[in-house]
Amino acid sequence: MEQRVELRDYLRILHRNWVLLLSLTVLGGAAAFGWSLLQTPKYEATTQLYVSVRSDSSGVTEPRTSPARPW
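Everything quoted here is computed from the prediction, not taken from an experiment. (Residues numbered from 1 in each chain as written. Predicted model: local features only at pLDDT ≥ 70, side-chain atom pairs only at ≥ 80, totals over all residues. Heavy atoms only, no water.)

**Q** So what's going on with the overall build of the protein? Residues and values would help.
**A** The secondary structure content of the protein amounts to 2 helices and 2 strands. Along its sequence from the N terminus, the protein presents helices and strands in the succession α-α-β-β. Each of the 71 residues in the protein was classed as buried or not, and the buried ones make up 0%. If you sum the accessible surface of the protein, you get close to 7600 Å²; carbon and sulfur atoms cover 60% of it. (Helix = DSSP H or I, 4+ residues; strand = E, 2+ residues; numbered from the N terminus. Buried < 20%, exposed > 50% of the residue type's maximum accessible area, 1.4 Å probe, protein only. Areas by Shrake-Rupley, 256 points an atom, 1.4 Å probe, with all protein chains shown as cover.)

**Q** Tell me about a nonpolar patch on the surface, and name the residues and values.
**A** A contiguous nonpolar surface patch, about 700 Å² in accessible area, is contributed by Val5, Leu7, Tyr10, Leu11, Ile13, Leu14 and Leu21. If you tally residues by element for the nonpolar patch, the top one is helix H1 (residues 7-16), at 5 residues. As for its placement among the helices and strands, Ile13 is situated in helix H1. (Patch = residues over 30% accessible without salt bridge, like charges linked within 9 Å, V, L, I, M, F, W, Y side chains within 5 Å. Salt bridge = Lys/Arg side-chain N within 4 Å of Asp/Glu carboxyl O.)

**Q** Quick one: what's the story with the confidence of the model for the protein, residue by residue and with numbers?
**A** Of all residues in the protein, 75% have pLDDT values of 70 or greater, and the mean over the chain is 84. Ranking the elements of the protein by mean pLDDT puts strand S2 (residues 61-67) last with 59 and helix H2 (residues 18-38) first with 97. (pLDDT = per-residue confidence, 0-100.)

**Q** Describe the pattern of salt bridges, listing the residues and the values that go with them.
**A** In this structure the tally under the stated criterion is 2 salt bridges. Two residues, Arg8 and Glu6, come together in a salt bridge whose shortest N-O distance is 3.8 Å. Taking relative accessible area as the criterion, Arg8 reaches 58% and is therefore assigned exposed. Residue Glu6 is classed as partly exposed on the basis of its relative accessible area, which comes to 39%. Arg12 is the salt-bridge partner of Asp9, the closest N and O atoms lying 3.3 Å from each other. Separated by 3 residues within a single helix, Asp9 and Arg12 lie in helix H1, roughly one turn from each other.

Spelled out as structure tokens, the structure:
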């Protein structure tokens, strides 16, 4: 005789073990976060933005540079 496994059976297993599943998920996430904090950064990037602004109606432009802000 062939036993059929239905979605209801999987849901029952998940419901029965939800505390264990949640605990392992949180523990794994915390371990990954802690590991990432201990790693040496592999690269660093900087950028500079050049913006040209008209100063008056004569068409003379005045260059400005400003450090980029992380948003």
